[in-house]
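Coordinates in review
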Amino acid sequence: MTRTRMLRPVMLFDAATCLAMGALLAATAVPIAARTDLPVPLLREAGIVLFPFALLVLWAARQGGTPARFVAGLNLAWVAASFAAIVWIQPNALGAAFVTVQALAVAGIAGMQFHALGGQTRTA
């Protein structure tokens, strides 16, 4: 599969994982918080934010180019915010692992997006 053809499946995977994680966090914020020492509002709101983000990712998947780069950049911002949250909130070890694993997964998705975008020319 060429890099350009790889973009759409990666974007669709990103949208699907956003919906899944959003549903998990929004629906189970209280039990996750109890085990991880992460704040319930943070978990719930992060989950809710993922729903419109998934719509943005779906739109960007159709557009490619600059919108897809924007999504990949937002994914990297999410990764940075996740690691900042660990430092700021100081969850227990399970909470730090939970945040780290999802941040690394998002970083991997962003990496695949940027890799696929490397095969496209930029549009002004």
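To be clear, the structure that these remarks concern was listed above.
From a predicted model like this one, the values you see are computed outputs, not experimental measurements.

Cut-offs used in this document
Residues numbered from 1 in each chain as written. Predicted model: local features only at pLDDT ≥ 70, side-chain atom pairs only at ≥ 80, totals over all residues. Heavy atoms only, no water. Helix = DSSP H or I, 4+ residues; strand = E, 2+ residues; numbered from the N terminus. Buried < 20%, exposed > 50% of the residue type's maximum accessible area, 1.4 Å probe, protein only. Expected span 1.5 Å × (residues − 1). Polar contact = N/O pair within 3.5 Å; in protein donor to acceptor, adjacent residues only side chain to side chain. Axes fitted to C-alpha atoms, helices over the stretch in contact; angles between N-to-C directions. Parallel < 35°, antiparallel > 145°, perpendicular 65-115°, else oblique. Left-handed = near helix turned anticlockwise from the far one by under 90°. Contact = heavy atoms within 4.5 Å. Nonpolar A, V, L, I, M, F, W, Y, C, P; charged D, E, K, R; others polar. 1 Å grid on protein atoms, 1.4 Å probe; cavity = no way out; pocket = protein on both sides within 12 Å on 5 of 7 lines; lining within 4 Å. Points joined across faces, edges and corners; volume = space filled by probe spheres on them.

The next subject is unusual backbone geometry. For Asp-37, which is not glycine, the phi dihedral falls at a positive 60°. Checked against the element boundaries, Asp-37 lands in the loop between helix H1 (3–36) and helix H2 (40–63). Residue Asp-37 is classed as partly exposed on the basis of its relative accessible area of 46%. Although it is not a glycine, Gln-90 sits at a positive phi angle of roughly 55°.

This part covers helix H4 (residues 93–117). Taking 1.5 Å as the rise per residue, H4 with 25 residues should run 36 Å; its terminal C-alpha atoms sit 36 Å apart, in good agreement. Taken together, the buried positions of H4 are occupied by Gly-95, Val-99, Gln-102, Ala-103, Val-106, Ile-109, Ala-110, Gln-113, Ala-116 and Leu-117. The N-cap of H4, judged by a side-chain oxygen 3.1 Å from the amide nitrogen of Leu-94 a few residues on, is Asn-92.

So, about the packing of H2 against helix H3 (residues 65–89). In the contact formed by H2 and H3, the axes pass within 8 Å of each other and the chain directions differ by 160°. By the angle class used here, H2 and H3 are roughly antiparallel. Between H2 and H3 lies a crossing whose hand is left-handed. Note on element contacts: H3 touches H2 through Gly-65, Pro-67, Ala-68, Phe-70, Val-71, Leu-74, Asn-75, Trp-78 and Ile-89, opposite Leu-42, Ala-46, Leu-50, Phe-53, Leu-56, Val-57, Trp-59, Ala-60 and Gln-63. Class assignment of the residues belonging to the contact of H2 with H3 gives a composition of 15 nonpolar, three polar and no charged.

Right, let's talk about the environment of Trp-78 for a bit. Here Trp-78 is to be found in helix H3. With relative accessibility at 26%, the residue Trp-78 sits in the partly exposed group. On a C-alpha basis, the gap between Trp-78 and Ala-103 in space is 7.3 Å, while along the polypeptide they are 25 residues apart. Apart from residues lying up to four places away in sequence, Trp-78 is in contact with Ala-46, Leu-50, Gln-102 and Val-106.

What follows concerns the layout of surface pockets. Left-over empty space is what a probe sized like a water molecule reveals as it rolls over the atoms. By volume, the largest pocket amounts to about 580 Å³. Lining the largest pocket are 26 residues, with Ala-46, Leu-50, Trp-78, Ser-82 and Gln-102 sitting closest to its centre. Mapped onto the lining of the largest pocket, the elements with two or more residues apiece are H1, H2, H3 and H4. Per element, the largest residue contribution to the lining of the largest pocket is seven residues, and it comes from H2. The residue makeup of the lining of the largest pocket, split by class, is 20 nonpolar, four polar and two charged.

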